[in-house]
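Geometric and topological summary
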Amino acid sequence: MIVRTVLGDIDPAELGVTLCHEHLFTNPPAWATNDDPDMVLDNVDNAVSELDDFLAVGGCALIEMTTADYGRNAAKMLAAASRSGVHVVSASGYQKGIYYPDSVEADSIDDLTRRFVDDVTVGVDGTQLRAGVIKYGTCRTDHIRDDEKKVQIAVARAHLATGAPISTHCQAGKLGTVQVAGFEEHGVDPNRVLIGHVDRNLDYDYIRELASTGVWIGFDHWTKPKYPSDDIRMAFVERLFDDGFTKIMVSGDLGRPSYQPSYGGTPGFAGLTRRVQTRMNDKLIHQLFVVNPAQFFAFDPVEAH
């Protein structure tokens, strides 16, 4: 079993304190950034500064969830990772339907699958960087679009072909159970799926139903004042643990300059880590930040043929 970082494969035991859903470099389509310029992360020095600060508070690994349709930049990610002591894992797959490139409409499921498999087994965008997780996302809160269903099949097939785990984006934390059902239909073990942004939809019955499927749960919007408070989030984590659901991971999804100190924002990966960990005892910290990510992001790699 290995974890596939951008600089190569490591033993899962080396992963250490991990944030499960973050962003170092982003560049969404122009139609989005024209309306909201606080969406672009493009500076290598700033990324290194964020990683160094994270390392200084005990951070060891960051799962970088920017996909090709959201501006993934392999060259910059390699540059930042090579200058940092933090392990960085990059994502294949696609973010969500509204950002898909026009090519998705014409691509066959086989075309998409091959692209995702190559990201994991060969390299991203002509580089030696190989992805260590496959992303899937939905952009609605009431249904999954047809193009997203197509991509989901490709993500499932790429997972089965490579062994790389699947991590998702749930718009406003919704449709997680529908995402899981789709993956199960296409042969994916729920234990290999991390459902993201669940803490944006703090409905305990929904989260319990989701956890009961066997998937991993992403509480990955800590510290953001526009969403439910960290007090509520912490109460949900404790209640889930009390009910025997311990497959939870932590992050902030800090994919905007306004969230990163090197761009003049807050709290950054370091601030996030400190603020979350002060709410937890050492046992819970170790479970959520170390044990769970090492288990989920580890896989037996299948190499390219």
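What you are looking at is a predicted structure, and each value in this text was computed from that prediction instead of being measured.

Interaxial distance between helix 2 (residues 44-56) and helix 3 (residues 74-82) falls to 9 Å at its minimum, and their mutual angle equals 40 degrees. Relative to helix 3, the element helix 2 is oriented oblique. For helix 2 against helix 3, the interelement crossing comes out right-handed. Contact residues: Val44, Ala47, Val48 and Leu51 in helix 2; Lys76, Ala79 and Ala80 in helix 3. Across the contact of helix 2 with helix 3, the residue classes break down as six nonpolar, no polar and one charged.

Within this numbering scheme, the UniProt entry marks Lys135 as carrying the feature "modified residue: N6-carboxylysine" (unreviewed entry). Within the secondary structure, Lys135 sits in strand 6 (residues 133-138). Once you skip the residues sitting within four places of it in the chain, Lys135 turns out to touch His21, His23, Met65, Thr67, Ala91, Ser92, Gly93, Tyr94, Gln95, Val155, Ser167 and His169. Within the structure, the side chain of Lys135 is placed 3.0 Å from the backbone oxygen of Met65, a separation counted as a polar contact.

Tallied over the full model, the rule gives 15 salt bridges. Between Asp125 and Arg72 there is a salt bridge, with the nearest N and O atoms lying 3.9 Å from each other. Here Asp125 is found in the loop between helix 5 (109-121) and strand 6, whereas its partner Arg72 is found in the loop between strand 4 (61-64) and helix 3, with 53 residues between them in sequence. Ionic pairing is found between Arg145 and Asp147, a salt bridge with its closest N-O pair at 2.7 Å. A single network of salt bridges, built from pairs that share partners, joins Arg4, Asp9 and Arg130.

At a minimum axis separation of 7 Å, helix 2 and helix 10 (residues 268-277) run at an interaxial angle of 25 degrees. Between helix 2 and helix 10, the angle falls in the class roughly parallel. Contact with helix 2, carried on its side by Glu50, Asp53 and Phe54, involves Gly268, Phe269, Ala270 and Thr273 of helix 10 and no other residues of that element. Broken down by class, the residue content of the contact of helix 2 with helix 10 amounts to three nonpolar, two polar and two charged.

Take the environment of Ile207 next. Tracing the backbone shows Ile207 in helix 8 (residues 204-212). For Ile207, a relative accessible area of 0% corresponds to the buried category. Counting along the chain gives 33 residues from Ile207 to Lys174, while the straight-line C-alpha distance between them is 9.9 Å.

Each value, and the rule that gives it
- Residues numbered from 1 in each chain as written.
- Predicted model: local features only at pLDDT ≥ 70, side-chain atom pairs only at ≥ 80, totals over all residues.
- Heavy atoms only, no water.
- Axes fitted to C-alpha atoms, helices over the stretch in contact; angles between N-to-C directions.
- Helix = DSSP H or I, 4+ residues; strand = E, 2+ residues; numbered from the N terminus.
- Parallel < 35°, antiparallel > 145°, perpendicular 65-115°, else oblique.
- Left-handed = near helix turned anticlockwise from the far one by under 90°.
- Contact = heavy atoms within 4.5 Å.
- Nonpolar A, V, L, I, M, F, W, Y, C, P; charged D, E, K, R; others polar.
- UniProt positions renumbered as here; feature names shortened; annotations may be inferred.
- Polar contact = N/O pair within 3.5 Å; in protein donor to acceptor, adjacent residues only side chain to side chain.
- Salt bridge = Lys/Arg side-chain N within 4 Å of Asp/Glu carboxyl O.
- Buried < 20%, exposed > 50% of the residue type's maximum accessible area, 1.4 Å probe, protein only.

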